[in-house]
Structures are given as C-alpha cells and as structure tokens.
Amino acid sequence: MSNKINRRDFLAVMGLAGAGAATMSCSDPKSFEEKWHPWVEPVNNELPYVPRYFATTTPESDGVGLHVKVINGRASKIEGNPEHPINRGRLTARQQSVIQELYGLERVRRPLHNGKEITWKQARELMTEKLASTQSMAALTGPLSGAVHEFWTEFVGRFGNGTLVQYDTFSDSDMIAAGEKAFGRSEIPYFSLKGCDTVVSLGAQFLETWGDVVSNSRDYAAAREVDHGKRIHHYQVEARMSGTGASADEVLYAKPGSETLIALALLKEVSAHGSKLSAAEKGVVDGLTGNFSVEDAATAAGVSAEKIKHLAEALHNAESALVLPAERWVLGRFAAQHYTAVLLLNKALGAIGKHVNYSASKSITQVPAHKNVVDLMESMKAGNIDLLVVKDANPVYSLPSKLNAGEAFDKAGFVVAFADTMNETVAKADLVFPATHALESWGEVHGHKGIEMLQQPVMRPRWEVFQAEDQLIGFIKGADESAALPDQFRDYLKQSWTSRHGGGDKEWREALKLGGVYNMAETGENLPVSGNVSASFFSGIESLTVNDAALVIVTSARYGDGRAANRGWMHELPDQMTGVTWDSWVEMSYDYAEKNNISYGDIVSLQVNGVTVEAPAVLSETQSGDIISVQTGLGHTGLSEANNRGFNAFDLLSGELSDAGTFVAQPVQAKITKAGRSQKVATIHLPGLGDKLNTPQTVVGEKRQLDRTDPHFERNIWQAVAIDALVDHGDGHGGHGGGHHGQPVAEGFPEHVETDFYPDRSKDPVVVGRDETFYTPYKWEMAIDLNKCTGCGSCVTACYAENNLPVVGRDQVVKGREMAWIRVNRYLGYAKDEAGKTEKIYVAFLPMMCQQCANAPCESVCPSLATYHSKEGLNAMVYNRCVGTRYCANNCSYKVRRFNWFTWEWPGDTNWALNPAVSARQKGVMEKCTFCAQRLRDAKDYAKDQGRLVEDGEAVVACQQACPSEAISFGNFSDHNSKVYKLAHDKRAYRALDAHIVTKPGVSYLKRVTLGHGHA
Amino acid sequence: MKEINFPYSQFNKDILRTLEKPSPLYVAMMTLIIGGVAFGGFCWGIQLREGMGVAGLNHPVGWGVYITDFVFWVGIGHAGTLISAILFLFRARWRNAIFRSAEAMTIFAVMTALLFPIVHVGRAWLAWWLIPYPNQRELWVNFRSPLLWDVFAVNTYFSVSSIFFCIGLIPDIAAVRDRARGLRRKIYGLLSVGWDSSSSQWRHYMAGYGFFAALATPLVLSVHSVVSWDFAVSIVPGWHSTIFAPYFVAGAVFSGMAMVITILIPFRKIFKLEKYLTTWHFDMMSRLIMLTGTIVAYSYLTEYFIAWYSDDAFEQFIFWERAFGAYAIPFWLMVFCNCIAPLPLWFKKVRTNFTALFIITIFINIGMWFERFNIIVSSLTQEYDPYSWGWYIPTKIEMGITLGSFCWFFMWLFMFIKFFPSLAITEMKEIADPPMRGKTATAEEAA
C-alpha cells in the first residue's frame, strides 16, 4: 500500500481542516459579542480606509476643539480643530491621549450591581425603583455646559428636590473672587500672550498646565520670533524649574510661598515708578501696597532685593508686559489676594484688555467651587442623601484624603454611577450603568465667552452601551410619561442649541461640522480698578515659606487631575524635566539629597498632613535648595492593575477651603525618611540608567554623579545664538554667521567645507535606466525652530498615535527600549552667571527624529537593503525586508532607530486605534520615523487627482500637526519657494552634526535665540 | 627537531591511540558538553520565541555579546589556517606536529562563529535573505554593507579552510582505514577516497596541498580584515579607524595561538603525546604570541595616539571613557590580559613551562574576548548624542548562548579527536628520518 496522498485525499483533508478552522474560530463567543455586520449596505459617505474627520470635543479637553480621524468606523486619532480659536488645530499630549481611554482596559461594558454584572433590565428596574422612592437626591457631575447643564438641572429637579453638584479638581474660585475685587467682574479672564514683549510668571506653568496651554504656547512662540532684534523676555519665578521655566530667559529661584509678597512688591514698585494707572487708581493701589516692600519680599523669597527690583524694572521698561500669577499650590489662604495683586499689576502695566481679556472670560457658572462638593460629602456622611447619581467626577480619588470621600459614598443611601470608564468613585457605586465615552456621546462644552462647542459621537459605541443622558431620559419618561422630552439626548441638544443660536437644520449641521460657534473676542476692554478692594483685604499677608523640606505639589502635564492615568501614551511620555515615565516620584535637589544621604532611586517616605506616601527619590539639578516636589495624577486604586501606580498627591492636601471655596494648598514641611530600599527609576533623561541601578553616566571627574553630559554643548547638536548676533541683519533672516560655538568646524575640517559629500545619486540603481531623478519634484525636509520649541512632548504623542507606536511598559523603559520615533532630547547646560560665581543651569530641548540624511550612515550598512534612500529624500524603511542586524541603529549618529525587541502588544482594545495606513511591526524588525510617509502619499495622491504637485503646506506630518508652538515646519526642499527651504537658509539654521560627520540631514534646526551676548 | 624521530610504525601507533575506545572521563565530559549545547539551544529557543528583548541589548547598544562572540570565534579560527597554510609555505617544520589540531580548531571555531550572526539577528528565520541569489522576489542584497562582506569572507574562509583541512586528512584517514575493521573500515575507506600512497598520488597531493595553502594564505589575512571593517567602515567613534584590519588580524592570531596552546597542553597530557608535542613547539607558538601580542599592544597605543592626534572631540571622549568610564573594568582587564600577562613569555623558561603557558594563554583568551567586548559595547554606549547614551550588560540568555557556543566548539573538537588523527601522521613522518635511511632513533633516545 502506498502512503502517498493523492489529490482527492489532499483536497478532502484540506477542506476538513479549513472547515474546522472556520468553525473553531466562530465558536469563540467573543467574536460575536462585537456584532460584526457585513458591509452590504455601506454607511453614508463611508469609504473603506478613507479617513473622515469629525469635529467634536470632550469635557476633559480644556476647552479646545478636536478633529477625530475615523477610519472604517473606528476613531483612530485625535487632532486639533483648526477652526478653534484657542488651539487652531494643535493639541497637547494629554488632549490627544483621550482616544486611548475610548478603547481602554477600564471601559465599563455591563451594568454592575455591587460589583456584579447584572442585566440591563434588572439595572433599569432597580434604578426606576430608587428614583421613585427618593426623597433627597443629588447628582454629582463634572463641569457641565449649555444643554447638558440644562438637562441635568431638569433631571435633578424632577426627582426628590435633587441638587446638582459639579466638581472640577482644578477649578479655581479664588480667581473669580480676585476678578470681583479688582474689577468687579466675577469671571476668569483669558490671559493672552499675543504681542507680549515681557512676561513675568510668578510660577504659572503656562506652557504646560496653566490656563489655555495651546494658545499660550502658540502666542509665546510667536512672541519669541526675533523681530527687529527683539523678542519676548520671559522671567519665571519658581523654586523648581518647571518645563515653562526651562523656556524662560531668567528663572528667579524664590522660595515657594513668597509669591504673594513678590506680587505686591512688584505692584508697589511698578506703581511707584510710573505706571499706566490713573491718579485715582494709583492712590488705591498705593494704599493697598503700603505695608509691603521689596526687601520683605526678597527676605521671604530668599533672593536679593536687586533681583526683584530688576523684575520690576523689566516690567516697567516693557512696552507690552504681562504678569501671570503663581500656581495655586503655593498660594495657601492668600490665593485671592495674590490673584488680585497680579490683576492690579497687569492693570498698572496696561495689560488689562490687551493680555488680560475679560471679554473672553469664563463665567462663575463654569467654575464650580470645591465647597459644593465638600458640602455634598458632608451631607452624604450625615445620611442626608438617599440617592446619588454620579457622572464624570471622581471625588473618591481626587478629594483630599482628610475629607474621606470614600466614607461619604459608603454612607450615602444609594449611589448610581453612569460611567464609561471604571475608577475609584465608580467602584464605590451600588449600581453602575455603562455609558458611552465622550467621543461616542452628544454634548456641549463651553469654553471662553463666545466659544460654544458641540460634542458629537464620532463612532458607534464600541460596546453595547448608551449615553448617560439617553438613559436618564428613559427614566424620566418612565416616571412621567407626559414629560416633554425628546427620546434622544441628541434631539434635546439640538432643540436647546437652535433655540439659543437660532437657525434651522442647516445651521445646526453647519455648527456640527465646525465643532460649534467661535465668537471669542480677541481683546477686551481696559477695565477700571473697582472700589471693591480695600487695604484690609491685604492685611495679614505673610510669607508661607517653609525652611526645610518644603513640599510643593505640581500639576502633572501628563496625568492632569488623574483622568489621564489610564493611558499608556501618558505613562510612556517622559516627564519634561526629569524624564520619569510610569511612576510617581519625589523630586529633590542634589543638595538636599546629599545632605540627607539620599541617592537616586532610594525609596523615601513622605509624611505630610498626617499622610504618608512612598516613592523613589529623583534627584534633579533643576530644583533648588530644600524644595521637595511631587506631581499629581497617579496613585489610583480603581483602575486596571497596570495603571494603579505611584501615589496620589491629592491625598497630601489638608482639605481646608479658601474663602472663595477652593482647596487651599501651600508649601508644607514634609518629613522625609529613607525606607531603606531603592528602585530603578524609568527615566529617559538620564543616560545610562538602564540596568545599572540608578547611576547616571556622567562626565568623568565630577565628584557628584550629576546629570552633566555635554554640559557646554560642545557637541553642537543643540545650538543657540545670541540675539545680538542677529540684530545687524534686521529681521533675523538672510545673511550668514550667528553665534556658533564649540568645535571650530571650518578650521578643524577644512576638507568638509570644500567637498560635496553627497553620494552621486545619478548612478543609484533606484533611478538608473528609468526616466527619474532624485529629489525631483520632491525632497521632503523639515525645519525645527528651537527658539519656539518648549519641549512639551505633544509631538511624541502625536507620533505614537499616527504611526502605531507600541507602549512598551515600565520594565522595558528601564532597559532603554522605549519606541518613540521622535523624542525631545533634554540637555542641561551650565554657565557662570554675570558675577562668574555660581553656576546657572539652563535647559535645552531638541526634538530628535530620523534626520532623513542624504548621506545616511544607516543606509549603506544594511545588508538586506531594508533601508534605502528614496527619490524623495526619505530614508525609506521596508519593515518586511528587515532581518534585524541592528547595524543601522548602531551607525545612526542620532540614535533614532528603534528596534522591536518583542512583538509588542496592544492591551485591551487599544489596537482599535491603530492606523491602517501604517503597517504593524513584528519582533526583530527595525523601525523609525519616515516623515509620516503615509501622509505624504495621501497628499501626493490628492494632488495627483487634481493634476498638480503638492503645494507648500499641504503635506503635514503628525508631529508638525500637533505642535502647539508651531515650531515644526515641513515641506518640499526642491521647491525653492517653500517655507522649509527658506528656513533651511535662515541664518539660524544648522543641521545637527552635519559639520562634523557630513550626514547631510534633511532636518534643519534653527538655533535658539538667547538674550544678550554670547550664547545662552 | 631531531627529538621527534621515531620509527614510522610508532607514529601510527601513538597517534592513532587517540582513536581508541573512549575513556569514562571522555564520556563524562562529552555528556556535560552536549548538555551545554542543549542549554545554549534552549536559551536560543527562548530568544526566538520571545524576541531579542531577552538579551540585554537596548537602544543605543544594538550589538553586544553575540557579536563579541562572533568576532572572538572568528579570531580563534585564525591560528589553524595560519599554521597549516602560511607556515607550510614558509616551511616552518615545527608546524607539522600541531597544525592538524590547530586546523581542526579553526574549522570548529568558524563553525561556532557562524552561529552568531544567526543568533544575533532579530529575525533569524530570515537570515538567509543575506545570501544573494536570483530569486522570484526580485530582491537583492546590499554589497555596500560590511555585513554582506562578512557573509562572503567568513563563508569563503570556512569553505577553503574545510577543503584544505579535508585534503590534509586524506593520507591520515587512509592510515586509520588500514588499521580499522568492519564498518569503520568501510567508512574510513570511503573518506580516504581511494588513497593508496602511490608516488603519483603523493606527487599530485603535494602539488594540490601547496596550491590550497597558497589559496588559504590571503584568506587568513582577509577574513579578519573584513570582520574588522564591520566596525571600521561605520562612523561610530571608537570603531571608525583605519588601523582595524591589521590590528584585528594580529589580535586574531594572538588569540588563536593562545587557544591552540590552551587546548594542546591538556591534550598532550591526557593522550600522553608529550614526546610529539614538545617544548620546542610551544616555544615556537609562544614566540608567535609574543609577536602578535606586541602588535596588539602597539595597536592599543596607536588607537589612543590617533584619538589624541585627530583632535576629534568625539573620538577623544570615547577613548577616555573606555579607560576611565563605566566600562573601565573590562578595559583594564583587557590591558592586563593582553599586554601585561603575556610579558613573561619573553623568558624562555616561561615559554617552556606548561603550567605557566596554560595560565597565560587562558588570560589571553579572556583578554581577547574582552577586547572585542570593549570595542563593541563601550563605543556604542556613548556616541554622538549624549541624550542617547546607554548602558549594557549581558543577560543570562546571552551568557547561556555563549556557554552553549563554547560547548558546541568543544563538542566538535572532542568528536574530532575520537574519530580522526589529531596529529598529522604523514607530516610527522616527514620530519622523522625515513625508514632504512640514516640513523633511526628510538623513543628512549628522544626522551
């Protein structure tokens, strides 16, 4: 007998195997849960793999507009809404990360009763029953606007005299109070840096977390542009150099807690030396500041009086100055006084109306006071609430632990949560209704006056869940059939919107398309000083400084109030200053650490207000003296395991309220003890930290192991130029020269100046024998203005979103395996101050991605031709051809190639956000930035359809698209009229390392402009 | 040379004694060795399954122990062909006793080295893509890449060395065949390709052997030069250096000779071949070590001189860091092992003392491994952009595979010892007086 298989048997076996495989794959119940339908009837306007953009927003987006890219019915990336006056298409990293929550591990999918899954029917019955019997209901929500606010007010009104409490962790009622005192306006003005020539921030991190970060960054960057030999002067007063302080020209290291005194001293000085105040106003102001002096402020701040006078002088000499207040965390009970002083100071400087705009303010109704939620907790504890409905608020996490919100929830009669995402508060709820995510919901968000944004679902709900408001309509109708409500919240919203804005269906659609209406006033009126403020208001102001181990809380730009702590992108984005990823840390200066014998990574326990937390110590050169700082946003207990990390900085608050009803925070003396253990800190900023436990590699010979790699920028990767060097040329464009320093290239390597090191591309096999040449019609290049870059990291997250970059996890980051294609290099520079005594530390940021070298070291060494030079000047990377020798990465002088050490996983549903235009990578494959080749292809296809070439500004790469300060330009270098060509020939332009190794990078950097002579 | 002058029959008897039934010690060691190979295979399996992340490699250190091992083994594989081909052409008669084992070592070292490019690449299952051949995928390879030169250099070296080795073996296999019985006789008969020691065969054989020796000679120099270009052609500070080719070749001979001595000392003891492998041979090999060791030490100094003289800040920095930075320990270990430890060889007493030689050559082996480690790792950790500096230490998986590679090498070597004459019988006879001619010494006289 032959055991050869014949054709018939073969087909039979294969058929059986195929059928078996098909059956097996179908038997997985999960695959049916998703309710797949064949695309027999296509969705309107939907073409497979053709992205569509929906204008929307979310309540947590800081009042900016979003454009959500939807491909094949799935939201895949968030970009900014270009129509929106605040963000004009740009976004911060955190604002982009919302999409990860949409597909996050913590999504609630089934109704839960006491933590157990129940059916929708059971849940609804239970809710109906509770609503019918409630006597004292309350609803706790995040900040609500417009129709949403109307609806919730109506809802609570219908059941048992309910009250509606809104809670926003970062709302600041003291600013409202200050507006009332200074100008009789109970509003928060819009602070604008537009056209500003001097900005003094008393601590506000306006490029990271304070105010409207995107517009701040944009206006600040624009003001940094050298115009007739001038640019904005930026002074930052703070003890711990923040990311904002890193951009400043001068950082005044004042002790935290002295800011109010400094503000008043400045007010006094400015008023005394002639200000824009009227005589009457000057009288009022002088009456207020009589008891304060520069000397007292200087003593409290621990700086010399000259420095404060120097600040006052700078303000006085400025044509258009703006003073920003301190962060709320250091102001203590004097927050309202501080803000008032700052508002008056701005008044004295003539900034009211121009930079402090009350015509585009936020009203008191948009700023819920913390007092309300504290009162609610009290009445819950007292048992006065028999039914609590929660949505979009997480007080159990973010209220100070003193207030014991958890206990309040335990004592409340019955807690119902409408939640898209599990968190601490939802976990406390007796009944949880799954709700749609903000990107799947209808709603309305109001920003500054005149900005009313519509929130529309960009995709069908990922799970079988319903919008909270739709569910509530059901309950209202169940209780009262005659209720005059539409069946769906969308219609409610539309009715409300059209009744307020007029117009019909067409206008409604127009508004949806635009994302809302934007009638924000660019400038406001110069309000007169009101008579509301009296000298007694400022009496009793004293220094809040603490001499030893002063703990200061810092708002995290990545996690915010903790809502972003469930997103891998935010975990993996390095902290701007310390580079720490994934964890909480206790930041302290090297001096303090040395004094207390603490080394990098030692676990320390921090005791404050009776609360003890533990975290690794992170030693920082940019933190002064005895300041200890911690950041908000981590320390969750109710998220998935991977996201419950670090400690909760809100726990450290005392829980006291200011007169205006905001939580008070001020520097407090922390008790720091070493726990006797240490931990590897997953920081990206300190080189060589990897497996070698917490010992940064540094320049040899330093006694202390400080973060001193290339401290004088001799490597010329980051370069700066003094503004003086640009002055002669007027507007700073054209001409040659600039403040080059470090290695004298022309002298050291004369042959490099003479020789054209471009390989002869005419012989390249890519074009030989074809009717094609290199770099025609396109050579894609980028220009990055280091003068504008604030190092925020928005570009990094945009790249993660666009190019399907994996989140590798803490353990791999520790090993140096993060996959970011673009990173923001942070260098520390050390320069002697004017006196030549103490060292001044300054921070340099440099976004680094593949430089697309025209003479690329990586291309020639790849044995399998997986990377090659494309005709358009890109270092193309063929993932499928890569064998993984890693030679290219070794030979890359910029270290921008990233290797897939594993086949990375996308936990939960995060793979739904993958961009289908970018192929997924397997383990063992090298990857890197290719200037968003897929976006270039789209732009070229679009242009080709119209029978023309891609126009300048038409091809936009992801990092450029997101950059809030518009520091990145991109375009066709072969088009000599393009912006990128012009920038590449700017006198500030240089190409990193090109002078030394002649790689001919396709990225031009524009030197940072420093004030005065020499380099920064 | 006159010392090794025995009757032809005694050569046969003594040398072929190594082919006899293995002792329990041999079996035990072979078991351990095969266990080590299996362990290395297991580690590699984990790496294939999980990804390269199980190694300690990271950004920016893309090459580590695997490439170190590769260069180390290629280096080891230099001594054999040098001894068998170059010294053959130079008619250095002391080679006759040692060249067979040295050559075997070469082949097995190159076989070991060839494992590492495959172990090292991220997608080992696609490593064959580096071989250029016309294919339906219309894909080609990049002849500008030093890695491709490597593929050619090492494979050429391996094929030529193997052929040269096999040709040299033919008369000896015939000698084994003549003493073998049964199945063994058939196998050896097949392998000896009809060798009958006729003078016409000898005439052709010697011509062919000389031809192959001439062919292999440039390869000895080229293969490690090409391997060195893996580094020298790059622009990594610390790698980009024109001295690398001679420096690497000298280092390769240095380490190869050391490995030959390290292996031959226990070998002559265990198989009681003291009278064939005498102090004379070891003296000669030690002299070669002295020569190459001096070149290596000189190259170290030259590298530093050039780094200083170039006025290239990046180059200067990396050489400073190599000596005084995070990798100072491996660096000074290398300097001690390669420059200081071999110094006693300048004394003849040391060169003829087997214990001292054994210890010194072990040091050289360690030193040469670390030399490659230093060049590869310390250069990669601190390149141009200080923000991207890093740190690398090997993981257990990498060390496991390295251990496996040593076991793999010794597995072949042990098998070779049991199946083939480890000393070249015919060439040993060449240096002895032919029978019936001149004075015939006895074993007693030699001793």
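## Section: the confidence of the model for chain A
Residues and elements named next belong to chain A.
Consideration 1: In the predicted model, chain A carries a mean pLDDT of 84, and the fraction of residues at 70 or more is 88%.
Consideration 2: Under a pLDDT of 50 for its full length, residues 20-32 has, in the predicted model, four contacts with residues more than four places off or in other chains.
Consideration 3: Long-range and interchain partners of residues 689-704, a stretch whose pLDDT sits below 50, account for 52 contacts in this model, where long-range means more than four residues apart.

## What to know about the interface of chain A and chain B
Consideration 1: In this assembly, 62 residues from chain A lie in contact with 63 residues from chain B.
Consideration 2: Roughly 5,200 Å² is buried in total at the junction of chain A and chain B, and carbon and sulfur atoms are behind 56% of that figure.
Consideration 3: Counting across the interface, chain A meets chain B through two salt bridges.
Consideration 4: With a shortest N-O distance of 2.9 Å, B:Asp385 and A:Arg823 are connected by a salt bridge.
Consideration 5: Here chain A is connected to chain B by 38 residue pairs in polar contact (both at pLDDT 80 or more).
Consideration 6: Here the side of chain A that touches chain B takes five residues from strand β29 (residues 823-832) of chain A, the largest share from any one element.
Consideration 7: Looking at the side of chain A that touches chain B residue by residue, the classes come out as 25 nonpolar, 21 polar and 16 charged.

## Some words on a nonpolar patch on the surface
Residue and element names in this part refer to chain B.
Consideration 1: There is a patch of nonpolar side chains on the surface, built from Leu333, Phe358, Ile359, Ile362 and Ile366 and spanning about 360 Å² of accessible area.
Consideration 2: Ranked by the residues each element gives to the nonpolar patch, the list is headed by helix α14 (residues 354-381), at four residues.
Consideration 3: Relative to the helices and strands, leucine 333 resides in helix α12 (residues 328-340).

## Some details on the sheet that holds strand β17 (residues 443-446) of chain A
Residue and element names in this part refer to chain A.
Consideration 1: Spatial strand order, β17-β18-β19: three strands in an open sheet with antiparallel pairing. Two strands lie at the open edges of the sheet, namely β17 and β19 (516-518), each paired on one side alone. Taken pair by pair, the neighbouring strands of this sheet meet at an average axis angle of 20°, ignoring direction.

## Looking at the packing of helix α10 (residues 279-310) of chain B against α12(B)
All names here are of chain B.
Consideration 1: Following both chains from N to C, one finds α10 and α12 inclined at 140°, their axes separated by 10 Å at the closest point. Classed by the angle they form, the pair α10 and α12 counts as oblique. Of α12, the residues touching α10 (which contributes Ala297, Tyr300 and Tyr304) are Phe331, Met334, Asn338 and Cys339.

## Describing unusual backbone geometry
Consideration 1: In this structure, A:Pro777 follows A:Thr776 across a cis peptide bond, with omega equal to -5°.
Consideration 2: A cis amide bond links B:His59 to the next residue, B:Pro60, at an omega of 15°.
Consideration 3: Along the polypeptide, B:Pro60 turns up in the loop between α2 (24-50) and α3 (65-76).
Consideration 4: At A:Lys895, a position not held by glycine, the phi torsion is positive, near 50°.
Consideration 5: Within the element layout of this structure, A:Lys895 appears in the loop between α31 (887-891) and β33 (898-899).
Consideration 6: Residue A:Lys895 is classed as buried on the basis of its relative accessible area of 5%.
Consideration 7: Phi at B:Ser197 is positive, roughly 60°, even though this residue is not glycine.
Consideration 8: One can find B:Ser197 in the loop between α7 (182-191) and α8 (199-232).
Consideration 9: The exposure class assigned to B:Ser197 is partly exposed, which follows from its relative accessible area of 44%.

What counts and what doesn't
Residues numbered from 1 in each chain as written. Chains lettered and ligands numbered in written order. Predicted model: local features only at pLDDT ≥ 70, side-chain atom pairs only at ≥ 80, totals over all residues. Heavy atoms only, no water. pLDDT = per-residue confidence, 0-100. Contact = heavy atoms within 4.5 Å. Buried area = accessible area lost by both parts, 1.4 Å probe. Salt bridge = Lys/Arg side-chain N within 4 Å of Asp/Glu carboxyl O. Polar contact = N/O pair within 3.5 Å; in protein donor to acceptor, adjacent residues only side chain to side chain. Helix = DSSP H or I, 4+ residues; strand = E, 2+ residues; numbered from the N terminus. Nonpolar A, V, L, I, M, F, W, Y, C, P; charged D, E, K, R; others polar. Patch = residues over 30% accessible without salt bridge, like charges linked within 9 Å, V, L, I, M, F, W, Y side chains within 5 Å. Areas by Shrake-Rupley, 256 points an atom, 1.4 Å probe, with all protein chains shown as cover. Pairing = 2+ DSSP bridges. Axes fitted to C-alpha atoms, helices over the stretch in contact; angles between N-to-C directions. Parallel < 35°, antiparallel > 145°, perpendicular 65-115°, else oblique. Buried < 20%, exposed > 50% of the residue type's maximum accessible area, 1.4 Å probe, protein only.

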